[in-house]
There are 2 protein chains.
Amino acid sequence: MGVRCVAIRACGGGKIDPGVPRMAVHACGAAAAVVALLSAAIALQWSPLYAVLQRALSLHTAHATKDMENLFQLVRNIVPALTSKKHKGQDGRIGIVGGCQEYTGAPYFAGISALKVGADLTHVFCAREAAPVIKSYSPELIVHPVLDSSNAVEEVEKWLPRLHALVVGPGLGRDDLLLNNVRGILESTKARDIPVVIDADGLWLVAQQPALIHSYHKAILTPNHVEFSRLWEAVLSSPMDSNDLKGSTLKLSQALGNITVVQKGEQDLISNGQQVLVCNQEGSSRRCGGQGDLLSGSLGVMVHWALRAGPEKTNGSSPLLVAAWGACTLTRECNRQAFQKYGRSTTTTDMITEVGTAFSRLFTT
Amino acid sequence: MGVRCVAIRACGGGKIDPGVPRMAVHACGAAAAVVALLSAAIALQWSPLYAVLQRALSLHTAHATKDMENLFQLVRNIVPALTSKKHKGQDGRIGIVGGCQEYTGAPYFAGISALKVGADLTHVFCAREAAPVIKSYSPELIVHPVLDSSNAVEEVEKWLPRLHALVVGPGLGRDDLLLNNVRGILESTKARDIPVVIDADGLWLVAQQPALIHSYHKAILTPNHVEFSRLWEAVLSSPMDSNDLKGSTLKLSQALGNITVVQKGEQDLISNGQQVLVCNQEGSSRRCGGQGDLLSGSLGVMVHWALRAGPEKTNGSSPLLVAAWGACTLTRECNRQAFQKYGRSTTTTDMITEVGTAFSRLFTT
């Protein structure tokens, strides 16, 4: 095992837990390196001591700021250059699978967020009844009313070869017919090696049948607290230690065959079973519904960008981790900016309005 | 009975009629205290004299301002702190029951107002035909097209355990099928001890069958003048004294088993059969349709907050009264702010745009 580095920002920043060797090591001073080595050795064995070491390290703000900058730089590295040589679609054709009788806002939020981050086209695959409503929210979306049809899987398969990433779950609901169709769509997506972000009731489906995405290394799950607990119970028999959310995120990822897991919360925890990134970019305390859709839609684009850029652009780190950290950071910044304007009355629509300036502020040099 | 206080604001303020002893007593001077005692003794016996005393007291503007501040402080006490520890939903999951063939704007106004005040999620339960239209107004609402189905009560019951408060009536209409379903929903809501705000044709249903909410202490009725008269006729045999609206509000509440009644009008009168609060926050003379939906939606959130905060935060006063006074004050301030900008052309959409700044101005210290 090579040297690993713990990168910390004292407040309002992002952290890298023990992880991939080449990531953000260079700036570490001698003292920090010693503690980091100790930390790495102990991390998986004894979480409380690990936590103590982390707190001690949080004093190293000079290094921490540098390491945060490194993470931001990795995200900047994956963002494709805007050049006049490009054709429509090259910066992202993203599919959203969701939208049912009750839920129509969520797939819209995910789809429009993907566009605002920089995708060229978004396709929403939803139940027939939901389609006219989702279409009515925005002429920017291409909406396919197929998800409750008997040949839903074939209908979506027609489009899969053109899609760079799929976001499964926003506004999906729990109707058996829809869930069964989504099961087939996920199988097809894996067979074509297309990256997939799974959120909301897509995670409910995964909790019923974890084998569906086990070890699929282009899958990213984005559970909130409740969804995370449900997945934990479905996959691991031992009780979850809610005092060690980082350790739990790491373990759940491992139990799912090292797929990437993003546990959303006061700070977002991102793991691929080998390392844990912490995103605690300043957001706000407003928790209106729909913020998770902004995250999943953004992540759909950014995971495509990160995989296309490849590990040489992410300094050897997992492109999926970098994409997830970027999308979490962006979502929290949108929340912060909207909250500054609208306070307690902030809604997800207000946050989506901020995507352009937030992205620019964070990731444009 | 302890010392009671009449709190008056000379113009554009709020008043507390004889009521809970601990509320806003401290600032009363000796002269005012004497008159207040007289007033309290006479209040329930002889309303005209009581009114005269009130007018006399209106000279005590210094005390009145202090008492107004106390009421504002009670509302501020119930507003939950925004903290980073919270999860989506904790600041309010509010249900709106209404929306039919003719009416689609009202449940939207109520639902979006609840979100803008600070709820995290709103669910609208409406007739099938109304659903796509209500959805199309905003992706922020979750809309269930179930209210005219044969199993409407069961469909709503599935969601009741997740809801903190229900607002019944906006855009409900008077179709027998819908009203019968709402009857069942109200029974279920009571059985689960969930607070319920009843407005518009929800009040028409109550006038047909007052037993439906009699003595349910988590019910708040919000009748306008016509709806109040209809309820009065349904519940009390004696003719209503339209020269004593405060006394009438008190009596109607008592006749309905001391449930909270908000009689909307030139000034809003709020009673639980024991005391009457008067809200005459400055609004405007614009009376466009939909303002009542802003009030009922806001009140749905605030009654949840008030009950969660409990009487220790409302200084011993009824949390429902404080919530109602807060929602009336907010609605009138939205009206004032919108009217300043748009004058005679003000609509409810303009008022809803003001919710964030109005709330902040009134209730954020």
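Along each chain, numbering runs from 1 in the same order as the chain's sequence is written. Chains carry letters and ligands carry numbers; both start at the beginning, A for chains and 1 for ligands, and go up in the order they are written. It should be noted that, the model being predicted, local features are given only for residues of pLDDT at least 70 and side-chain atom pairs only at 80 or more, the latter also being counted only at that level, while totals for whole chains, interfaces and linings use all residues. For side-chain calculations, the full set of non-hydrogen atoms in the structure is used, while hydrogens and water are omitted.

- Chain A is annotated in an unreviewed UniProt entry as ATP-dependent (S)-NAD(P)H-hydrate dehydratase of Mus musculus.
- UniProt positions are given in the numbering used here, feature names are shortened, and annotations may be inferred rather than shown by experiment. Under the Subcellular location (unreviewed entry) heading, UniProt states for chain A: "Mitochondrion".

### Brief notes about the overall build of chain A
- Within chain A one finds 14 helices and ten strands.
- We call a residue buried when its accessible area falls under 20% of the maximum for its residue type, exposed when it is over 50%, and partly exposed in between, using a 1.4 Å probe and counting protein chains only. Going through the 365 residues of chain A one by one, you find that 61% of them count as buried.
- Note on areas: Shrake-Rupley with a 1.4 Å probe; residue coverage comes only from the protein chains shown. Accessible surface computed for chain A: about 13,900 Å², of which carbon and sulfur atoms make up 53%. Strands here mean DSSP runs of E at least two residues long; helices mean DSSP runs of H or I at least four residues long; both are numbered from the N terminus.

### With respect to the interface of chain A and chain B
- It only takes one pair of heavy atoms within 4.5 Å for two residues to be counted as in contact. Of the residues lining the interface, 25 residues belong to chain A; the matching set on chain B comes to 33 residues.
- Summed over both partners, buried area is the accessible surface (1.4 Å probe) that two parts give up on being assembled. The junction of chain A with chain B conceals about 2,500 Å² of combined surface from both sides, 51% of it contributed by carbon and sulfur atoms.
- Every case where a carboxyl oxygen of Asp or Glu lies within 4 Å of a side-chain nitrogen of Lys or Arg is listed as a salt bridge. Viewed at the interface, chain B and chain A are joined by three salt bridges.
- Here a polar contact means two N or O atoms within 3.5 Å. Within protein one must be a hydrogen donor candidate and the other an acceptor candidate, and residues neighboring in sequence count only if both atoms are side-chain atoms. Counting across the chain A and chain B interface gives 16 residue pairs in polar contact (both at pLDDT 80 or more).
- A per-class count over the side of chain A that touches chain B returns seven nonpolar, eleven polar and seven charged. Each residue gets one of three labels, nonpolar for Ala, Val, Leu, Ile, Met, Phe, Trp, Tyr, Cys and Pro, charged for Asp, Glu, Lys and Arg, and polar for the others, Gly among them.

### Describing helix 9 (residues 225-235) of chain A
Residues and elements named next belong to chain A.
- When helix 9 is considered as a whole, its buried residues turn out to be Glu227, Phe228, Ser229, Leu231 and Trp232.
- For helix 9, the elements touching its buried residues are helix 8 (201-208), strand 7 (219-221), helix 10 (245-255) and strand 8 (260-263).
- Where helix 9 begins, the side chain of asparagine 224 points an oxygen toward the backbone nitrogen of valine 226, at a separation of 3.2 Å.

### Examining the pattern of salt bridges
- Across all of its chains, the model carries 25 salt bridges over all chains by this definition.
- Lys341(B) is the partner of Glu354(B) in a salt bridge, and the nearest nitrogen-oxygen pair spans 2.7 Å. Of this pair, Glu354(B) sits in the loop between helix 13 (348-353) and helix 14 (355-363) while Lys341(B) is found in helix 12 (residues 319-342), placing the two residues 13 residues apart along the sequence.
- We classify Glu354(B) as buried; its relative accessible area is 3%.
- One connected set of salt bridges, linked through shared partners, spans Lys86(A), Asp91(A) and Arg308(A).

### Some words on helix 7 (residues 176-191) of chain B
Residue and element names in this part refer to chain B.
- What a helix should span is 1.5 Å times the count of its residues minus one. Helix length check: helix 7 (16 residues) gives 23 Å between terminal C-alpha atoms against 22 Å at 1.5 Å per residue, within 8%.
- Among the residues making up helix 7, those that are buried are Leu178, Leu179, Asn181, Val182, Gly184, Ile185, Leu186, Ser188 and Thr189.
- In this structure, the buried residues of helix 7 make contact with strand 2 (93-97), helix 6 (152-159), strand 5 (165-168), strand 6 (196-198) and helix 8 (201-208).
- Between a side-chain oxygen at the N-terminus of helix 7 and the backbone nitrogen of leucine 177 the separation is 3.0 Å; the capping residue is aspartate 175.
- Just past helix 7, the residue aspartate 193 takes up positive phi, approximately 60°.

### Remarks on the UniProt feature "binding site: (6S)-NADPHX" (unreviewed entry) in chain A
Residue and element names in this part refer to chain A.
- When the UniProt feature table is mapped onto this chain numbering, "binding site: (6S)-NADPHX" (unreviewed entry) sits at Gly171, Asn224, His225, Val226, Glu227, Phe228, Ser229, Arg230 and Asp293.
- Mapping glutamate 227 onto the fold places it in helix 9.
- In this structure, glutamate 227 is in contact with Asp199, Ala200, Leu203 and Thr222, ignoring residues within four places of it in sequence.
- Mapped onto the elements of the fold, serine 229 is located in helix 9.

### Some points on the relation of the copies chain A and chain B
- Overlaying chain A with chain B gives an RMSD of 0.1 Å, the required rotation being 88° about an axis along which the chain moves by 0.0 Å. Taken together, the rotation angle and the small translation identify this as a four-fold axis. Of every C-alpha in chain A, the one belonging to Ser136(A) sits nearest the axis of rotation, 4.5 Å from it.
- Residue by residue, only 4% of the interface of chain A is reproduced at the interface of chain B, so the copies engage with different surfaces. Least-squares superposition of the copies uses the C-alpha atoms of those residues scoring a pLDDT of at least 70 in each of them.

### Brief notes about the state of the cysteines
- Disulfides are defined in this document as cysteine sulfur pairs within 2.5 Å. Counted by the stated rule, this structure contains zero disulfides over all chains.
- This cysteine, Cys100(A), is not joined by any disulfide, and Cys126(A) carries the nearest cysteine sulfur, 9.5 Å off.
- With no disulfide of its own, Cys334(B) has Cys288(B) as its nearest cysteine by sulfur position, at a separation of 12 Å.
- Taking the relative accessible area as the measure of exposure, Cys334(B) reaches 0% and is therefore buried.

### Some thoughts on the packing of helix 9 (residues 225-235) of chain B against helix 10 (residues 245-255) of chain B
Residue and element names in this part refer to chain B.
- In this analysis, axes come from line fits to C-alpha atoms, helices being fitted only over the stretch in contact, and the angle between any two N-to-C directions falls in the range 0 to 180 degrees. Between helix 9 and helix 10, the least distance of the axes is 10 Å, while the angle of their chain directions is 50°. When the axes of helix 9 and helix 10 are compared, the pair comes out oblique. Here helix 9 runs over helix 10; the crossing is left-handed. On the side of helix 9, the interface is formed by Phe228, Leu231, Trp232 and Val235, while helix 10 contributes Ser248, Thr249, Lys251, Leu252 and Ala255.
- Per-class residue counts for the contact of helix 9 with helix 10 are six nonpolar, two polar and one charged. Relative orientations are named as follows: roughly parallel for angles under 35 degrees, roughly antiparallel for angles over 145 degrees, roughly perpendicular for angles from 65 to 115 degrees, and oblique for any other angle. Left-handed is the label given to a crossing in which the near helix is rotated counterclockwise from the far helix by less than a right angle, and right-handed is the label when the rotation is clockwise.

### Looking at the packing of aromatic side chains
- Two aromatic rings, drawn from Phe, Tyr or Trp (for Trp, its six-membered ring), form a pair once their centres lie within 6.5 Å of each other, and the interplanar angle then sorts them: stacked below 30 degrees, edge-to-face above 60, tilted otherwise. What the rule picks out here adds up to 14 aromatic pairs over all chains.
- Relative to Phe363(B), the ring of Phe359(B) has its centre 5.3 Å away and its plane inclined at 70°; by these criteria the two rings are edge-to-face. Of this pair, Phe359(B) and Phe363(B) both sit in helix 14, four residues apart, which is roughly one turn of the helix.
- Judged by relative accessible area, which is 4%, Phe359(B) ranks as buried.
- The exposure class assigned to Phe363(B) is buried, which follows from its relative accessible area of 4%.
- Following the ring pairs from residue to residue traces out a cluster consisting of Phe72(A), Trp305(A), Trp325(A), Phe359(A) and Phe363(A).
- Over a ring means this: the NZ of a Lys or the CZ of an Arg is within 6 Å of the ring centre and within 35 degrees of the ring normal. Over the face of the ring belonging to Trp159(A) we find Arg162(A), whose NZ or CZ atom lies 4.3 Å from the ring centre.

### Comments concerning the confidence of the model for chain A
Residues and elements named next belong to chain A.
- Mean pLDDT over chain A works out to 85, with 81% of the residues at or above the 70 mark.
- pLDDT: the predictor's confidence for each residue, scored from 0 to 100. Confidence drops under pLDDT 50 across residues 1-61; counting only partners more than four residues distant or on other chains, this segment forms 114 contacts.
- Both scores are given for the predicted complex: the pTM is 0.85, the ipTM 0.83.

### Thoughts on unusual backbone geometry
Residue and element names in this part refer to chain B.
- Positioned with a positive phi, serine 215 is a non-glycine residue whose angle comes to about 65°.
- The topology assignment puts serine 215 in the loop between helix 8 and strand 7 (219-221).
- The exposure class of serine 215 is partly exposed, given its relative accessible area of 37%.

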